[in-house]
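# Reading the structure
Each chain, written out:
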Amino acid sequence: MSEEKKKYYLTEAKDYLMITLGLMMFTFGWTVFLLPYEIVTGGVAGISAIIFYATGFKIENSYAIINGVLLLLALKVLGWRFMMKTIYAIVALYFMLKFAQELVMQDDGTFYKLLGEGQDFMSLVIGCCITGTSLAIVFLNNGSTGGTDIIAAVVNKYHNISLGRVLIAVDFLIVSSCLPIFHDWSKLVFGFCTMFIETTMLDYVMNARRESVQFLIFSRKYQEIANAIGTKMEHGVTILDGHGWYTGEEVKVLCILAKKNESVNMFRLIKMIDPNAFVSQSSVIGVYGEGFDPIKVKVPKKS
């Protein structure tokens, strides 16, 4: 097996492992903290819950039917690699939800409330923090839990709109639909709270992982540092010409763009070569291009 193929399979295995972890977190947060308190959420899980509250039709069955329709619509746009992981996530989450509901259901047919009666809002906050984080884990590993996530992924592919914003728009319609069923404004307000907390957590975790930084490195051993960064960290390095005002000397400045989570390794590498190097690290709002996020703006077609 070639090194390239081995690397590909390892990446795929890691993706599926992390997607599974995210799905388990979502199942835990949703069935333990949200479902027992009849807290309405967005997404296909939210639609399925509303159908369950209104008709008693099983949640996992509604979830499978709605996702099946959306998968057929999205197949052409998102491609097989994304869709295979989405299909895996939908099937896995179907069985996880089915199993988890049986665990939290009591003998009288009601769901066990872990935090006790009257703790609806606290349960909402904890549940949405868990589900929002779990969705981010799934997305960051090229997966999706299906449903409105598919819609968000389609929009995000062509437009520079965060996944959280797309989900808010779709979930707003879903949560609003609970009012005719419950005839309770507090359920609607709680539903909007779930949207805010869940999407805030989603964007926070996503952006924390994607956050990039810029390094400016001043060192007499700039060539050695550049070689080490290029070979050991596989990063591009730009060498800029500088001029010291006080000393009047010509200097070389290394400019590197990297992910924030690579900062520790970057500093360690620099210190090993030149402990006296002067290093500036600054956050950047966005980095687009090869190795980072793609540029998502429409280019006018030439006539």
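The paragraphs below set out a description of the structure included in this document. Note that the coordinates shown come from a computational prediction; the quantities given were computed from them, not determined experimentally.

Joining two cysteines, a disulfide is a covalent bond between their sulfur atoms. In this structure the tally under the stated criterion is zero disulfides. For Cys128, which is in no disulfide, the shortest distance to another cysteine sulfur is to Cys129 and amounts to 7.4 Å. Left unpaired, Cys193 is separated from the closest cysteine sulfur, that of Cys128, by 8.6 Å. Cys193 gets classed as partly exposed once you look at its relative accessible area, which sits at 24%.

Of the strand pairs in this sheet, strand S2 (residues 238–243) and strand S3 (residues 250–259) are connected by six bridges, and their pairing is antiparallel. Note on S3: the bridge partner recorded for Leu240 is Val253. Counting the residues between successive antiparallel strands, the hairpin from S2 to S3 contains six residues, one of them, Gly248, with a positive phi of roughly 75°.

Bringing the nonpolar core into the picture now. In this structure, Leu23 and Trp30 are the most contacted members of the largest nonpolar core, which totals 49 residues. Broken down by element, the residue count for this core peaks at 13 residues, all from helix H3 (residues 59–104). With 16 residues, the next largest nonpolar core counts Phe215, Ile225, Ala228 and Ile273 among its residues.

A positive phi is found at Glu38, a non-glycine position, where the angle reads about 50°. Although it is not a glycine, Glu234 adopts a positive phi angle of roughly 55°. With respect to the helices and strands, the residue Glu234 is situated in the loop between helix H9 (222–232) and S2.

With that settled, consider the packing of aromatic side chains. Scanning the model with the defined rule gives ten aromatic pairs in all. Seen from their ring centres, Phe52 and Phe111 are 6.2 Å apart, and the 55° between their planes marks the pair as tilted. With Phe52 in helix H2 (residues 43–55) and Phe111 in the loop between H3 and helix H4 (120–140), the pair connects residues that are 59 residues apart, well separated along the chain. Overall, Phe111 belongs to the buried group, its relative accessible area being 10%. Seen in terms of ring centroids, Phe215 and Phe267 are 5.4 Å apart; in terms of plane orientation they differ by 75°. Their pairing is edge-to-face. Separated by 52 residues along the polypeptide, Phe215 in strand S1 (residues 212–218) and Phe267 in helix H10 (residues 263–273) bring together distant segments of the chain. Judged by relative accessible area, which is 0%, Phe215 ranks as buried.

For H10, every residue scored as buried is listed here: Ser263, Met266, Leu269, Ile270 and Ile273. For H10, the angular spread of the buried residues around the axis is 130°, confining them to a single face. Opposite the packed face of H10, turned more than 90 degrees from it, sit the exposed residues Val264, Lys271 and Met272. The elements touched by buried residues of H10 are S1, H9, S3 and strand S4 (278–284).

The sheet built from four strands is open, its strands ordered S2-S3-S1-S4 with antiparallel pairing. Edge positions in the sheet fall to S2 and S4, since each of these pairs with one other strand and no more. Averaged over all neighbouring strand pairs, the angle between strand axes comes to 25°, with direction disregarded. Of the pairings in the sheet, the one linking S1 to S4 comprises seven bridges and is antiparallel in character. Within S4, the residue paired with Leu216 across the bridge is Ser280.

Criteria and cut-off values
Residues numbered from 1 in each chain as written. Predicted model: local features only at pLDDT ≥ 70, side-chain atom pairs only at ≥ 80, totals over all residues. Heavy atoms only, no water. Disulfide = S-S within 2.5 Å. Buried < 20%, exposed > 50% of the residue type's maximum accessible area, 1.4 Å probe, protein only. Pairing = 2+ DSSP bridges. Helix = DSSP H or I, 4+ residues; strand = E, 2+ residues; numbered from the N terminus. Core = buried A, V, L, I, M, F, W, Y, C linked by side-chain atoms within 4.5 Å. Phe/Tyr/Trp six-rings, centres within 6.5 Å; stacked < 30°, edge-to-face > 60°. Arc of directions from axis to C-beta. Contact = heavy atoms within 4.5 Å. Axes fitted to C-alpha atoms, helices over the stretch in contact; angles between N-to-C directions.

Such coordinate-based values are descriptive only and should not be taken to indicate function.
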